[in-house]
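Here are the chains, one letter per residue:
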Amino acid sequence: MPSSDQPTLRPSTLHLPAGDWATVLDCLCAHFSAISRDVWLERMARGRVLDAEGAAIGVDHPYRVGLRVHYFREVPAEPVIPFEEAILHVDEHILVADKPHFLSVMPAGAYVEQTLLARLVRRTGNADLVPLHRIDRHTAGLVLFSSNLQTRGRYQAMFRERAIDKRYEALAAPLPELEFPLLRETRFEAGEPFFRMREAPGVANTRTRIEVIEKRAEHWLYGLEPVTGKKHQLRVHMAALGAPILNDPFYPDVSCAEGEPDDYTRPLKLLARGLAFEDPLTGERRRFESRLSL
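These numbers come from a predicted model, not from an experiment.

Asker: What should I look at first to understand helix 2 (residues 37-45) in this one?
Answerer: Given 3.6 residues per turn, any residue in an α-helix points the same way as the ones three and four places further on. Taken together, the buried positions of helix 2 are occupied by Trp40, Arg43 and Met44. Buried residues in helix 2, looked at end-on, bunch into an arc of 100 degrees, giving them a common side. Summarising the geometry of helix 2, the exposed residues directed more than 90 degrees from the buried face are Asp38 and Ala45. Its buried side turned inward, helix 2 meets helix 1 (24-31), strand 2 (49-50) and strand 3 (68-71). Positive backbone phi, approximately 70 degrees, marks Gly47, located one or two places after helix 2.

Below, the structure written as structure tokens:
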């Protein structure tokens with residue numbers, strides 16, 4: 001188990017690009033312009049910048065193009081996400097976690113240690129954990145991890161071959177004018193601002209099956225099955241139908257820009273409810289259900 005003074009996650013790797021720098025430090029400062037020289041000096045002093053063999057790189061280490069450098073991402077004053085994940089299943093090969101709203105699966109932006117991966121590595125002591133898929137930071141529910149490097153490829157193949165069934169639930173406005181179940185097939189492109197996606201003309205590259213589970217007074221509970229796995233796919237498809245998912249900060253309009261403080265009283269009403277697949281090692285049919293609810 002990592003101590004509080006040691007990084008939880010494996011380091012990132014940079015192969016030094018071509019340039020005329022004298023030292024590795026000079027190259028890092030130029031390549032990561034948002035990180036000050038003082039920060040790199042402090043990281044080097046703590047042994048957070050390493051060479052390919054794992055030895056600490058010092059301030060005078062000579063630059064060489066292609067040199068492999070490992071460094072640990074760190075975020076000052078990282079926000080603490082006040083919600084806990086749950087481990088629903090763990091064995092020699094996989095781990096299934098129930099992720100709360102607002103928690104990133106992987107390090108990104110302002111979050112490194114406050115991510116599902118980092119928390120699970122701390123809890124299990126298994127630095128080989130790797131998520132086999134991802135769900136949005138704003139989405140809650142099931143995430144499947146590989147816990148064994150030797151068998152990881154067998155489980156990754158399920159996602160490449162679309163041999164895993166994923167079920168979501170969402171709360172959104174009623175759509176009485178439509179017939180359900182329905183299949184939404186559209187083309188996705190990058191939208192504006194940069195963190196959004198949008199539907200566009202052209203050959204479809206996304207597909208979602210949508211059904212109504214329950215018709216409630218103000219909102220309907222929808223069942224969503226993504227056949228493809230594009231960024232924000234379920235959120236964009238529901239918004240395009242005229243029923244954006246309740247409390248969605250990005251669709252159809254941006255009400256809370258990426259990087260702004262979260263409003264914990266308004267979680268996105270989207271839940272990764274179920275996962276089902278034939279285990280590639282045993283052939284056993286396996287099903288997992290989230291214990292969370294909307």
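On we go.
Asker: Looking at this structure, how should I read the layout of surface pockets?
Answerer: Using a probe with the size of a water molecule, rolled over the atoms, empty space left in the structure can be pinpointed. Quantified by volume, the largest pocket comes out at close to 1300 Å³. Looking at the largest pocket, it is lined by 50 residues, and the ones nearest its centre are Arg134, Ile135, Asp136, Lys231 and His232. Residue contributions to the lining of the largest pocket peak at five residues, all from strand 8 (residues 164-172). Looking at side-chain class alone, the lining of the largest pocket contains 23 nonpolar, 11 polar and 16 charged residues.

Asker: Would you mind showing me how to read the pairing of strand 7 (residues 140-146) here?
Answerer: Within a regular strand, the side chains alternate between the two sheet faces. Counting buried positions along strand 7 gives seven out of seven residues, so the element sits mostly inside the fold. The sheet contact formed by strand 5 (residues 94-99) and strand 7 spans six bridges and is antiparallel. In the sheet register, Ala97 faces strand 7, and the bridge partner there is Val143. Taken together, the two bridges between strand 6 (residues 130-131) and strand 7 define a ladder with antiparallel strand orientation. Considered in strand 7, the bridge of Pro131 is made with Phe145.

Asker: Mind showing me how you'd approach the UniProt feature "domain: Pseudouridine synthase RsuA/RluA-like" (unreviewed entry) in the protein chain here?
Answerer: When the UniProt feature table is mapped onto this chain, "domain: Pseudouridine synthase RsuA/RluA-like" (unreviewed entry) is found at residues 93-240. The distance from the first to the last C-alpha atom of residues 93-240 is 39 Å, and the span holds 18% helix and 36% strand.

Asker: How should helix 4 (residues 152-160) be read in this particular structure?
Answerer: For helix 4, the complete set of buried residues consists of Arg152, Tyr155, Ala157, Met158 and Phe159. Summarising the contacts, the buried residues of helix 4 are in contact with strand 5, strand 6, strand 7, strand 8 and strand 13 (270-278).

Asker: I tried to follow unusual backbone geometry on my own but got confused; where do I start?
Answerer: With an omega of -5 degrees, the peptide bond between Glu192 and Pro193 qualifies as cis. One can find Pro193 in the loop between strand 9 (182-190) and strand 10 (197-200). In the segment running from Tyr251 into Pro252, the intervening peptide bond is cis, with an omega of 0 degrees. Residue placement: Pro252 occurs in the loop between helix 5 (233-240) and strand 13. With phi around 80 degrees, Phe102 is a residue other than glycine that occupies positive phi space. In this model, Arg162 sits at a positive phi of 55 degrees, which is unusual for a non-glycine residue.

Asker: Looking at this model, I keep getting lost on the pairing of strand 3. Mind explaining?
Answerer: Bridging between strand 1 (residues 12-15) and strand 3 involves four bridges; their strand directions are antiparallel. When the sheet's bridge partners are listed, Leu14 is paired in strand 3 with Val69. Sheet analysis places strand 2 next to strand 3, joined by two bridges and oriented antiparallel. The residue bridging Val49 from the neighbouring strand is Tyr71, located in strand 3.

Asker: What is the right way to read the side chain of Thr206 from this model?
Answerer: Of note, Thr206 is situated in strand 11 (residues 206-215). Here Thr206 falls in the buried class, since its relative accessible area comes to 2%. Reaching out from Thr206, the side chain makes a polar contact with the side chain of His237 at a distance of 3.0 Å. Here Thr206 is in contact with Arg184, Glu185, Thr186, Phe188, Thr228, Lys230, Gln233 and His237, once residues within four sequence places are set aside.

Asker: I would appreciate a short explanation of the sheet that holds strand 3 in the present structure.
Answerer: Strand pairs in the sheet, formed through backbone hydrogen bonds, run parallel or antiparallel to each other. Overall, antiparallel pairing links the three strands, which are arranged 1-3-2 in an open sheet. On the outer flanks of this sheet lie strand 1 and strand 2, each paired with one strand and no other.

Asker: Help me understand the packing of helix 1 against helix 2 in this model?
Answerer: When two helices pack together, their arrangement is given by the angle between their axes and by how far apart the axes lie. At a minimum axis distance of 10 Å, the contact between helix 1 and helix 2 shows a crossing angle of 130 degrees. Judged on the interaxial angle alone, helix 2 and helix 1 are oblique. Classified by chirality, the crossing of helix 2 by helix 1 is right-handed. On the side of helix 1, the interface is formed by Leu25, Asp26, Leu28 and Cys29, while helix 2 contributes Arg37, Trp40, Leu41 and Met44. Per-class residue counts for the contact of helix 1 with helix 2 are six nonpolar, no polar and two charged.

Asker: Please explain the packing of aromatic side chains as it appears in this structure.
Answerer: Aromatic ring pairs: the centre-centre distance and the angle between the two ring planes describe each pair. Within this structure, the stated rule accounts for 12 aromatic pairs. Ring geometry for Phe102 versus Tyr264: centroids 5.0 Å apart, planes at 75 degrees, classification edge-to-face. One end of the pair, Phe102, is in the loop between strand 5 and helix 3 (116-124); the other, Tyr264, is in the loop between helix 5 and strand 13, and 162 residues separate them in sequence. A relative accessible area of 4% means that Phe102 is categorised as buried. Classification of Tyr264 by relative accessible area gives partly exposed; the value is 31%.

Quick notes on the rules
Residues numbered from 1 in each chain as written. Predicted model: local features only at pLDDT ≥ 70, side-chain atom pairs only at ≥ 80, totals over all residues. Heavy atoms only, no water. Buried < 20%, exposed > 50% of the residue type's maximum accessible area, 1.4 Å probe, protein only. Helix = DSSP H or I, 4+ residues; strand = E, 2+ residues; numbered from the N terminus. Arc of directions from axis to C-beta. Contact = heavy atoms within 4.5 Å. 1 Å grid on protein atoms, 1.4 Å probe; cavity = no way out; pocket = protein on both sides within 12 Å on 5 of 7 lines; lining within 4 Å. Points joined across faces, edges and corners; volume = space filled by probe spheres on them. Nonpolar A, V, L, I, M, F, W, Y, C, P; charged D, E, K, R; others polar. Pairing = 2+ DSSP bridges. UniProt positions renumbered as here; feature names shortened; annotations may be inferred. Polar contact = N/O pair within 3.5 Å; in protein donor to acceptor, adjacent residues only side chain to side chain. Axes fitted to C-alpha atoms, helices over the stretch in contact; angles between N-to-C directions. Parallel < 35°, antiparallel > 145°, perpendicular 65-115°, else oblique. Left-handed = near helix turned anticlockwise from the far one by under 90°. Phe/Tyr/Trp six-rings, centres within 6.5 Å; stacked < 30°, edge-to-face > 60°.

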